[in-house]
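What follows is the residue order along each chain.
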Amino acid sequence: MSFRVFFFFLASVLVLALLATPAFAQATLEVLVLEDTAGTPVPGVEITLTNDGRGFTTSAISNDQGKARFRALATGDGYAVTAKGLDGFGDATKTGLVLRTNQDASATLRLRLLETFTEGVTVTAERQLVALNRVDAEVSSTLVEEELEILPIEGRDVTRSLYRLPNVTQATGFYPEAPNVSINGANSLFTNYMIDGLDNNENFLGGQKFAVPVGAVQDVTVLTSSYSAEFGRTGNGVFNVTTKNGGNDLQGEVFYLSRPGENLDASTAFPGRDLSGNQVQDGFKRDQLGFSIGGPIRKDRTFFFANVEGTRDEKDNVLAVPELGIADTVSGTNEFLYATGRFDHQLTDSIPLTARLNYGDVNIERQGGGLDGGVTFPSAGSVQDRESLLGALRGSWISSDIVNEASVQFSRFRWNYGRPLNGDGPQATVLGASGQTVAVLGHPGFVFDDIEETVQLRDSLSFILGDHTLTMGADIILADFALTGGGNVDGNYLVQLTQEQEDALAAGGFGSSLDVEDSPSDVEVVRYDVELLPNSYGETQELYSFYVEDLFSVTPRLNLSLGLRYDYDSLSESGSDSADTDNFAPRVSFNYQIDDDSVLRGGFGLFYEKIVYAAYSDALQQNSSAVGFRNQLRELIALGILPADTDIDRITFDGNLVTSFDDVPYLGGPTPEEVQGSRESIFSNERRILNPDGWDNPVTEQYSLGYQRQVRSDMLFYVDLIYTQSRNLFRLRDLNAPAPYTVDPNNPVVRSQEEADATRPVDFEDGGARNIVVSETEGEAEYRAATFTFIKYKADDWYNFRLGYTWSKLENNTDDINFRAQDSNDFEAEWGPSVNDREHVISAVFQVHPLDDLSIALTALLQSGQPVNRIPDATVFGTTDLNGDGRSFGDAFVGNSDRFPGEPRNSDRLPWSQVYDLGIQYQLPIRDRNVELRLDVFNLLNNTNLSGFSNNATQSNQIQIGPAGSGIVLKNAAPPRQFQLGVRFVF
């Protein structure tokens, strides 16, 4: 940890202690008391809020509008609110309220005249998990614990439940481990993940640090539009997980979950994917084991909760090298461990305390071989490590009119993408006598080891001033990065065997144990590559956010929310001398209660997005300070392509650089120290610079208008219209791009790379580069959507359902931080559907309880096809690079080869997908406990779906050869029918 981050962490703890007298509470409940017949507000009513499971009681008096607000409440279920009837009225009670993190919940109590009662004097409403939002315009949706327990969810991975919610879809990402869900069709890297309202993003690329398993989740909420100024750092949306907590009763579970694999699963010609997004053979196996326990340490005062879950995948690859007489099965494993601990302590009635700890350890093995046969031997195997640690203290000081909430969190995330299974050393790629690769030995061949240490401090102060609830706060994150990346410092050898040498290796009987030392010492070295800069580098990203918001109760039926947020991101400085400092984001919304059962709501807001560190890191890692490269930059300045005031020292950096030799002895190539002088002479196909103009933080204008209707106490219908317009999105610009070249679809003529190079603005130099690339923030996007949702939920009822339909359209001219125009920076020609655009999504969840101990869940997900980008046929044109610009870096991530002549971007569509899942759960009562038996069947009808599932763009069907309508070459498909079996002991 850097001294700066460590100092900030200590200072944050001190500030928390001074400001908060720490406590943990993050929900607000607004109660409205009405007279039952006339529907008029009733002031002066004593309202009591209790939670027997936590020994909690508090009270308030309704104001002139009949309202009372309870703030800084601990999240969880089991709340009950009672209005004490005045003279002539009976009491009214609502039970079973559930509060999630950062929620403004609402409840309405109706007082009835005593003379209208036939017996008793209390009106009691049962638990209501679907209720009108009578407070604000937040467009959100929530899955609660009871729903998560019955839904068929693969591997207890909560993200695999999220696409049941409106405006959420499974994502096509740009690398295997990319986040698997998208909000509003946007790139999944730009979604904010939170645990109990605190940051859970690994800020290098934007996914989760800690993947919260189902056993630790009380509820998960997606925020898609018009949410509070308290939330920011994304122009997209937020996933917020509320963790479980303990209570006065000891409760828990022990479970075992198995995916048996090939013995039950349907067969398919396509590879499957594990929980990390990496491909595995058809029919691989998974076993999971874990437990949860929560209860009192001291009744009514101190509670604990713990959840530990472990997963092990068993997967086989095939090592097939006919030239060496090798055909072998190579076994490997994936291991996932997630642990959560939480402690809640009620120091006094106004001072609760909570601490939370999350630890994750994920190891994804690349054991060698391939799904259908490969030549990577186990000696060159590697493991991807993802290690996460989050420790948080959250809290409040509560009085009748003022609440101060504060929190501090320290987190550490390590992402070692290619830890060698067999330690450091050289790599050898062995070509057989025919020239084909017959073996990859010794080392993965690259290094990528990123460490992020982050401190977050949040504090908010809330006042009740008559009909106004005024909240102001600050949210600060310091993230310190250190990346060791690049090529292999021990060198990578490309060697050529003679027929005699190949025969000797085949006769040696090495099998899968073949290693670098087993190749002949006199083998011909075709090329030797070695990394010149084997060091670690990084930067500290500083994120400062401040907000103020007024929730104004204009009348008992009308609330206005007026907010202003400010965001600062130090990475926006890039290669300039100043950062983006004008990120003021107003938020305005209304919530109008038309009648007792319906609400109209709407809002407008600006939402600024943080910069993913990879955009900055790539500009360092692929940079150069060589004299020839700097000379090229000076020429670009002279031509006006770079600003006249560009400081070359600020935009250049000694990044990773690999040098090559073709005349070295096998395993005797020079070390990085011995060849440092060659840095000045190496010509690169592509180098990057930091942006001399700096970056503008991406920003989105969001508009929403919605209607909600409480059909009955357990049924809610709502519709939301959403429009967003985004700008300042990241993309890549080639400052040394060749002249534009249009290929006539009726008479296509390929331009050679030599012809294209002759039109570049700047000539090549030793130490320079062909493509000189910079990340810019000039991209745009437009999203339109209409969502319709109908929910019926009542605990212990014999049936429940969740139905949703979304029509949406997302168009943009950039899809990713590594997106570039196909021809000479012509981004106008890139405007088209996003890679995650789907026009129609139909989601249905049906739950039935035909017997007291039997639950059945049937889900359906129907989606129109995702876009297809059409590229040239190399067998026809001789290349896919029709304009000769020599594209290299980025093609494997965003598939930005030249398009087929005459075809716009993403001009075709894949067919609709249809997935039906089934979950059956049966409880065996044993004394006062339950043993739960579980069967999940995914893709029940065994449909072959070509889109609509979590995927990697370059392995998907969304890149196809030939013009639109010329057919689909199947590269991948959604998983076939799969089975998951489980047993759970609940106490």
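Predicted model, so just to flag it, every value in this text is computed and none were measured.

The rules we used
Residues numbered from 1 in each chain as written. Predicted model: local features only at pLDDT ≥ 70, side-chain atom pairs only at ≥ 80, totals over all residues. Heavy atoms only, no water. Helix = DSSP H or I, 4+ residues; strand = E, 2+ residues; numbered from the N terminus. Rg over C-alpha atoms; globule rule 2.2 N^0.38 Å. Buried < 20%, exposed > 50% of the residue type's maximum accessible area, 1.4 Å probe, protein only. Contact = heavy atoms within 4.5 Å. Areas by Shrake-Rupley, 256 points an atom, 1.4 Å probe, with all protein chains shown as cover. Lys, Arg positive; Asp, Glu negative; His and termini not counted. Charge placed at Lys NZ, Arg CZ, Asp CG, Glu CD. Salt bridge = Lys/Arg side-chain N within 4 Å of Asp/Glu carboxyl O. Pairing = 2+ DSSP bridges. Polar contact = N/O pair within 3.5 Å; in protein donor to acceptor, adjacent residues only side chain to side chain. Axes fitted to C-alpha atoms, helices over the stretch in contact; angles between N-to-C directions. pLDDT = per-residue confidence, 0-100. Patch = residues over 30% accessible without salt bridge, like charges linked within 9 Å, V, L, I, M, F, W, Y side chains within 5 Å. Phe/Tyr/Trp six-rings, centres within 6.5 Å; stacked < 30°, edge-to-face > 60°. Expected span 1.5 Å × (residues − 1).

**Looking at the overall build of the protein**
Then, in step 1: The number of helices and strands found in the protein is nine helices and 52 strands.
Then, in step 2: In summary, the protein has a C-alpha radius of gyration of 30 Å against a globular reference of 30 Å for 987 residues, a match within 12%.
Then, in step 3: Taken along its principal axes, the extent of the C-alpha atoms in the protein is 105 × 65 × 60 Å.
Then, in step 4: Across the 987 residues in the protein, those meeting the buried criterion constitute 61%.
Then, in step 5: Considering only contacts in the protein between residues 6 or more positions apart, those separated by 24 or more positions represent 75%.
Then, in step 6: With the model as given, the accessible surface of the protein reaches about 36200 Å², and the carbon-plus-sulfur share is 54%.
Then, in step 7: Charged side chains in the protein number 74 positive and 138 negative. The centres of these two groups are separated by 7 Å.

**Focus: the pattern of salt bridges**
Then, in step 1: A full pass over the atoms with the stated rule returns 54 salt bridges.
Then, in step 2: Here Glu145 and Lys244 are joined by a salt bridge, their closest N and O atoms 3.3 Å apart. Taken together, the positions of Glu145 in helix H2 (residues 145–150) and Lys244 in the loop between strand S16 (238–243) and strand S17 (251–259) put the pair 99 residues apart, joining distant regions of the chain.
Then, in step 3: Judged by relative accessible area, Lys244 falls into the buried class, the value being 14%.

**Remarks on the pairing of S17**
Then, in step 1: The pairing of S17 with strand S20 (residues 285–298) spans nine bridges and is classified as antiparallel. Each bridged residue has a counterpart across the sheet, and for Ser258 the counterpart in S20 is Asp287.
Then, in step 2: The pairing of S17 with strand S52 (residues 978–986) spans six bridges and is antiparallel. Bridge assignment links Glu253 to a residue of S52, and that residue is Val986.

**Section: the side chain of Arg687**
Then, in step 1: Within the element layout of this structure, Arg687 appears in strand S38 (residues 684–689).
Then, in step 2: Of the side chains with opposite charge, Glu531 comes closest to the buried, unpaired Arg687, at an N-O distance of 7.8 Å.
Then, in step 3: Separated by 3.4 Å, the side chain of Arg687 and the backbone oxygen of Gln622 make a polar contact.
Then, in step 4: For Arg687, the side chain forms a polar contact with the main-chain oxygen of Asn623, separated by 2.7 Å.
Then, in step 5: Filtering out sequence-adjacent residues up to four positions away, Arg687 remains in contact with Gln621, Gln622, Asn623, Ser624, Phe629, Asn656, Leu657, Ala769, Asn771, Ile772 and Val773.

**Some words on the sheet that holds strand S7 (residues 103–111)**
Then, in step 1: Overall, mixed pairing links the three strands, which are arranged S4-S1-S7 in an open sheet. Taken across any chain shown, the strands that pair with only one partner, and hence form the sheet edges, are strand S4 (67–73) and S7. Going from strand to strand, the sheet's axes swing by 20° on average, the running direction of each strand aside.

**Brief notes about the sheet that holds strand S46 (residues 867–871)**
Across a sheet, strands are paired by hydrogen bonds formed along the backbone, either parallel or antiparallel in direction.
Then, in step 1: Spatially, three strands are ordered S47-S46-S51 in an open sheet, and the strand pairing comes out mixed. Across the chains shown, the open sheet's two edge strands, defined by having one partner strand only, are strand S47 (908–909) and strand S51 (959–961).
Then, in step 2: As paired strands, S46 and S51 are joined by three bridges and run parallel to one another. Opposite Ile871, over in S51, you have Ile961 as the bridge partner.

**What to know about the side chain of Ser834**
Then, in step 1: Secondary-structure assignment places Ser834 in the loop between strand S43 (832–833) and strand S44 (840–851).
Then, in step 2: With relative accessibility at 1%, the residue Ser834 sits in the buried group.
Then, in step 3: Beyond its immediate sequence surroundings of up to four residues, Ser834 is in contact with Gly185, Leu810, Glu811, Asn812, Asp815, Pro867, Arg905 and Asn906.

**A few points about the confidence of the model for the protein**
In low-pLDDT regions, the fine details of the predicted coordinates are not to be read closely.
Then, in step 1: In this model, the protein carries an average pLDDT of 91, and 94% of its residues clear a pLDDT of 70 or more.
Then, in step 2: Across the protein, the element-wise mean pLDDT spans from 47 in strand S8 (residues 122–125) up to 98 in helix H6 (residues 648–651).
Then, in step 3: Note that residues 17–25 has pLDDT below 50 and, in this model, 43 contacts with residues that lie over four places away or in other chains.
Then, in step 4: Low pLDDT, under 50, characterises residues 118–127; the stretch is placed with 23 contacts to residues that sit more than four places away or in other chains.

**Observations concerning a nonpolar patch on the surface**
Then, in step 1: A cluster of nonpolar side chains, namely Tyr256, Leu289, Tyr922, Leu924, Ile926, Leu933 and Val983, defines an oily patch on the protein surface of about 590 Å² accessible area.
Then, in step 2: The dominant element in the nonpolar patch, judged by the number of residues it contributes, is strand S48 (residues 913–926), at three residues.
Then, in step 3: Checked against the element boundaries, Tyr922 lands in strand S48.
Then, in step 4: For Tyr922, a relative accessible area of 34% puts it in the partly exposed group.

**Side note on helix H4 (residues 613–621)**
Then, in step 1: Of all nine residues in H4, nine are buried; the element is thus mostly enclosed.
Then, in step 2: Among the residues making up H4, those that are buried are Tyr613, Ala614, Ala615, Tyr616, Ser617, Asp618, Ala619, Leu620 and Gln621.
Then, in step 3: Elements in contact with the buried residues of H4: strand S29 (468–487), strand S32 (536–537), S38, strand S40 (715–734) and strand S41 (769–792).

**Looking at the pairing of strand S13 (residues 192–195)**
Then, in step 1: The alternating pattern of S13 places Asn192 and Met194 and Tyr193 and Ile195 on opposite faces, both of which are buried.
Then, in step 2: In terms of strand pairing, S13 meets S16 through four bridges, oriented parallel. Bridged to Tyr193 within S16 is Phe239.
Then, in step 3: Summarising the sheet, S13 and strand S14 (residues 198–199) pair through two bridges and their orientation is antiparallel. Opposite Met194, over in S14, you have Asp199 as the bridge partner.

**Digging into a negative patch on the surface**
Then, in step 1: Negative charge collects at one region of the surface, where Asp577, Asp582, Asp645, Asp647, Asp693, Asp696, Glu778, Glu780, Asp826 and Glu828 lie side by side.
Then, in step 2: Position of Asp645 among the secondary structure elements: in the loop between helix H5 (627–638) and H6.
Then, in step 3: Taking the relative accessible area as the measure of exposure, Asp645 reaches 68% and is therefore exposed.

**Considering the packing of aromatic side chains**
Then, in step 1: Taken as a whole and assessed by the stated rule, the structure comprises 31 aromatic pairs.
Then, in step 2: Plain terms: the ring middles of Tyr493 and Tyr528 are 4.6 Å apart, the flat faces sit at 45° to each other, and that makes the pair tilted. Highlighted residues: Tyr493 in strand S30 (residues 492–496) and Tyr528 in strand S31 (residues 524–531), separated in sequence by 35 residues. In terms of burial, Tyr493 and Tyr528 fall into one category: buried.

**Structural notes on H5**
Then, in step 1: Helix length check: H5 (12 residues) gives 17 Å between terminal C-alpha atoms against 16 Å at 1.5 Å per residue, within 8%.
Then, in step 2: By the burial criterion, the buried members of H5 are Gly628, Phe629, Arg630, Gln632, Leu633, Leu636 and Ile637.
Then, in step 3: On the buried face of H5, the contacting elements are H6, S38 and S41.

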